[in-house]
Structures are given as structure tokens and as C-alpha cells.
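Each chain, letter by letter, is given below.
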Amino acid sequence: MTLIKVTTNGSTIVSRGGVFLLIWWVLADGVTSSWWIGVPAVLLAVTTSVMLLPPASMVWSGFLRFVPFFLMRSLLGGVDVAWRAFHPGMPIAPDLIEYSVRLPPGLSQVFMANTVNLLPGTLSAVLDRSILKVHVLDRRKDIQAELEAVEQSVARMFGISLTAP
Amino acid sequence: MLNLGVGMWRILRGPTAADRMLAAQLFGTTAVAVLLLLAQATGNAAVRDVAVLFALLAAVTAVAFVRRAWSNQDQDHDTH
Amino acid sequence: MTPIDYLSAALLIAGGIFFLAGTLGLLRFPDVYTRLHALTKADNLGLGLMVAGLAMQAESWAVAGKLLLIWVLVLLAGASVAHLIASGALQRGIRLWRR
């Protein structure tokens, strides 16, 4: 992997530092004496992440809206798939469909692919030049609308406005 | 609850070939769940840390497995 | 038993059911791809519900946070692995099962 020189603004460092601090606090069970190790570890983590990951602007309000969306979809989809697994007749009709992603290449696309993966009933197989091949458990459902909703939600989180397909 | 976890553990010997890593993955998740339940039941917080480790290791193992098992195929198109 | 305990127990049992469904799906579904569906569901919902149930009984915020961290870790791992296995299987030409 090549190191990319990026101009980083202060807010990226601060927000990432905050996240890493929180993770450390959680890992250390809130024991304050551990900060002797924790603070250097957090600094190292921030440095590494800044070097490896270009700064991506995340919109926190978008993130806050994404979480309930994700949980809700997971639950609905999960119940659906679980029902299919338990059902004696196993009513599934798997298929592979293609979806052209409107998100720009990079982190947001990968994020969408991963989200699609985690939502029950869909499975992103190949992401190649903005074409996402999705394996679905039941092709009779309206997958297109579902994927569009996911995409919209991810776009909002990264502060991207989607252009019409 | 614990029984349920252990029970599922047993069933996990069925699938074949490539699916084995799926079973391994589910195994890992189940282990995490069982460890978390254990931590709660025994009140031993250290067990919870073991679960964190398992979660981390499961990821690394699975990726390594995919790489090794399928590396004889053509070179991966590395997307990064 | 407080109401919280009941709710927590309900969440734990629900998580267990999803784990069971995941395992069952892993055994019953006909090909690699469909089995992956079963797997990610167990990861996501089974563990998620259990984590939620346990977090309710957690003695401190740090413990609840740790539970959440574990879940997020497993989710990230699960998503990436599912993607890797699916694309690997496609590359190798493992056929889809169709009704």
C-alpha cells in the first residue's frame, strides 16, 4: 500500500482522536491510571490513520440518521430471512442482479457495499467500476428500491448529493 | 441461554469444502456471544476482554483463510 | 426481576433465535451464496440483540461501550469476509443455485 501525502485539516485529527480516545476509554474499563499507555497509543493511532486514510468528511447528522435506518432494515430483513430458514418449504429464489452505483468511487462505495452485505437478504459480491453485483435471496422482492434507499442513506452520511441515474 | 449456544456449536459440523470457513466464521461469532454471556453470568469482566480478542482474531483468520485457500487462482484485482 | 431484566432476557432469547436461524440456514441453504446470507444475519442480528440485551444489564457505560465495540468489530469483519468469499466464489465460477 502506498502512502499518500494528504493535506489534513485539524478537524479530521480532532474527530479521529476523539473516536480513538473513546475506544481506549472503553477498552480500559474507564480506569484512569491506564492513560499513561492510552494517550501515546491514541496519538499513534491518529498518526497512522491520517497517513493511511485520506480525510473523508462525515456528516454527523447523516450518521445519526443512518444508524436507526440500518437497525430497522436489519431487523425487518432478518426476520424475513430467518422465516425462510425455518420454513419447511424454504421459499427462496436467489439470483444475481446488477446495480449501478451513483456514489463516487472510494470509501463511500465500499461503505455501501458493506452495508448491503450486512443487511439480511442482500449480499454484495463484486464491486467493479461502479457496478455492484448483488446476490439476493429472493428476486421477487423490490431490490432496486431497497438498494436505492441504502445508497441515499450512505450518501447523506458522507455529505454527497446523488445525481439522477 | 448457554445451552443454546453450546447446542448450536455442535450442529456446526455439517457443510463441506469452501463452506467450512463459513462455519468457522459463525463459530467465531458464536464463541464471542458465549463469552459475553459467560462474562455476565460469572461477573468476571476479564472474560469480556477475551471476547474482544476473539472478535479481532476472527476477522484476521477469515481474511487469511480466503487469501490462502483461493490464492492459486489468478492474481487478485487489488482494488486498493 | 425488574422490567429491565425481562426486556434484557427477551432480547437475549431473540438473539439466540437468530443464531439458531443462522445455523439452520447454513445447513439448509443450497449454495455458498445463500449460506453467506444466513451467516451475515447471525452475525448482525444474533450478536446485535445479545449485545443489546447484555448492555442493559451492564454495570457501567464503559462496559456497554465495550459490548458495542465488539459488535461493530464483528460487523466490519463479517461484511468484509462475506464480500471476499462471495467475490472469490464468483471468480472461481461456483454456480448459483436457482429454483
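All values reported here derive from a predicted model rather than from experimental measurement.

## Focus on the overall build of chain A
Looking only at helices and strands, chain A has five helices and three strands in total. In sequence order, the secondary structure elements of chain A are arranged as α-α-α-β-α-β-β-α. For chain A, the proportion of its 165 residues judged to be buried stands at 38%. In chain A, 71% of the contacts between residues at least 6 apart in sequence involve partners at least 24 apart.

## Concerning the confidence of the model for chain B
Residues and elements named next belong to chain B. The share of residues in chain B with pLDDT of 70 or more is 52%, and the mean pLDDT across the chain is 66. Confidence, expressed as mean pLDDT per element, reaches its minimum in chain B at helix α1 (residues 2-11) with 54 and its maximum at helix α2 (residues 19-42) with 75. Note that pLDDT drops below 50 for residues 72-80; the model gives that stretch seven contacts with residues more than four away or on any other chain. Per the prediction output, this complex has pTM 0.79; the corresponding ipTM is 0.80.

## So, helix α2 (residues 32-57) of chain C
Residue and element names in this part refer to chain C. Its 26 residues place the ends of α2 37 Å apart at the C-alpha level, agreeing with the 38 Å of an ideal helix rising 1.5 Å per residue. Of all bends in α2, the biggest is about 25°, found at Ala-42. Within α2, 22 of the 26 residues are buried, leaving the element largely enclosed by the surrounding structure.

## As for the packing of aromatic side chains
Residue and element names in this part refer to chain A. Applying the stated criterion across every chain yields a total of four aromatic pairs over all chains. Here Phe-66 and Phe-69 contribute two aromatic rings whose centre-to-centre distance is 6.4 Å and whose plane-to-plane angle is 40°, an arrangement assigned as tilted. Separated by three residues within a single helix, Phe-66 and Phe-69 lie in helix α3 (residues 60-86), roughly one turn from each other. A single burial state applies to Phe-66 and to Phe-69, both of which are buried.

## Brief notes about a nonpolar patch on the surface
A cluster of nonpolar side chains, contributed by Met-51, Leu-52, Leu-53 and Leu-107 of chain A, occupies part of the molecular surface with about 340 Å² of accessible area. Relative to the helices and strands, Leu-107 of chain A resides in helix α4 (residues 107-118).

## Focus: the sheet that holds strand β3 (residues 131-136) of chain A
Residues and elements named next belong to chain A. The three strands lie next to each other as β1-β3-β2, forming an open sheet whose pairing is antiparallel. Whereas interior strands pair on both sides, the edge strands pair on one side only; in this sheet they are β1 (95-100) and β2 (122-128). The average undirected angle you get between the axes of adjacent strands in this sheet is 25°. Direction of pairing for β1 relative to β3: antiparallel, over a ladder of six bridges. By the bridge assignment, Ile-97 is partnered in β3 with Val-134.

## Observations concerning helix α1 (residues 10-27) of chain A
Here α1 of chain A is 18 residues long and its end C-alpha atoms lie 26 Å apart, about the 26 Å a rise of 1.5 Å per residue gives. Among all positions in α1 of chain A, only Thr-12, Arg-16, Gly-17 and Val-26 of chain A are buried. Here the buried face of α1 of chain A lies against α2 (35-52) of chain A together with α3 (61-91) of chain C. At the exit of α1 of chain A stands Asp-29 of chain A, carrying a positive phi of roughly 55°.

## What to know about the nonpolar core
With 62 residues, the main nonpolar core has Met-112 of chain A, Leu-36 of chain B together with Leu-36, Leu-47 and Ile-70 of chain C as its most contacted residues. Sorting elements by how many residues they give to this core places α3 of chain C first, with 13 residues. When residues no more than four places from it in sequence are discounted, the contact partners of Ile-70 of chain C are Val-32, Leu-36, Arg-48, Ala-51, Val-52 and Ala-55 of chain B.

## What to know about the confidence of the model for chain A
When pLDDT is averaged across chain A, the result is 80; 90% of the residues are at 70 or more. Below a pLDDT of 50 lies the segment residues 1-7 of chain A, which in the model reaches eight contacts outside its immediate sequence neighbourhood of four places, other chains included.

## Some thoughts on the pattern of salt bridges
Pairing between side chains of opposite charge can happen when the charged atoms of each approach one another. Residue and element names in this part refer to chain A. The full count for this structure, using the stated rule, is six salt bridges over all chains. Among the salt bridges present, the one from Asp-138 reaches Arg-84, with a minimum N-O distance of 2.8 Å. With Asp-138 in the loop between β3 and α5 (143-158) and Arg-84 in helix α3, this residue pair connects regions lying 54 residues apart in the sequence. Owing to a relative accessible area of 6%, Arg-84 belongs among the buried residues under this scheme. With a shortest N-O distance of 4.0 Å, Asp-95 and Arg-139 are connected by a salt bridge. Of this pair, Asp-95 sits in strand β1 while Arg-139 is found in the loop between β3 and α5, placing the two residues 44 residues apart along the sequence. The class for Arg-139 is partly exposed, based on a relative accessible area of 37%.

## Structural notes on the pairing of β3 of chain A
Residue and element names in this part refer to chain A. Sheet topology note: the β2/β3 ladder contains six bridges and is antiparallel. Along β3, the bridge assignment pairs Ser-124 with Val-134. Counted along the chain from β2 to the antiparallel partner β3, the turn is two residues long, and its residue Arg-129 has a positive phi close to 45°.

## Some words on the environment of Phe-158 of chain A
All names here are of chain A. Within the secondary structure layout, Phe-158 lies in helix α5. According to the relative accessible area criterion, Phe-158 is buried, its value standing at 8%. Sequence separation between Phe-158 and Leu-107 is 51 residues; the distance between their C-alpha atoms is 9.2 Å.

About the thresholds
Residues numbered from 1 in each chain as written. Chains lettered and ligands numbered in written order. Predicted model: local features only at pLDDT ≥ 70, side-chain atom pairs only at ≥ 80, totals over all residues. Heavy atoms only, no water. Helix = DSSP H or I, 4+ residues; strand = E, 2+ residues; numbered from the N terminus. Buried < 20%, exposed > 50% of the residue type's maximum accessible area, 1.4 Å probe, protein only. Contact = heavy atoms within 4.5 Å. pLDDT = per-residue confidence, 0-100. Expected span 1.5 Å × (residues − 1). Bend = angle between axes of the 7 residues up to and from the residue. Phe/Tyr/Trp six-rings, centres within 6.5 Å; stacked < 30°, edge-to-face > 60°. Patch = residues over 30% accessible without salt bridge, like charges linked within 9 Å, V, L, I, M, F, W, Y side chains within 5 Å. Areas by Shrake-Rupley, 256 points an atom, 1.4 Å probe, with all protein chains shown as cover. Salt bridge = Lys/Arg side-chain N within 4 Å of Asp/Glu carboxyl O. Pairing = 2+ DSSP bridges. Axes fitted to C-alpha atoms, helices over the stretch in contact; angles between N-to-C directions. Core = buried A, V, L, I, M, F, W, Y, C linked by side-chain atoms within 4.5 Å.

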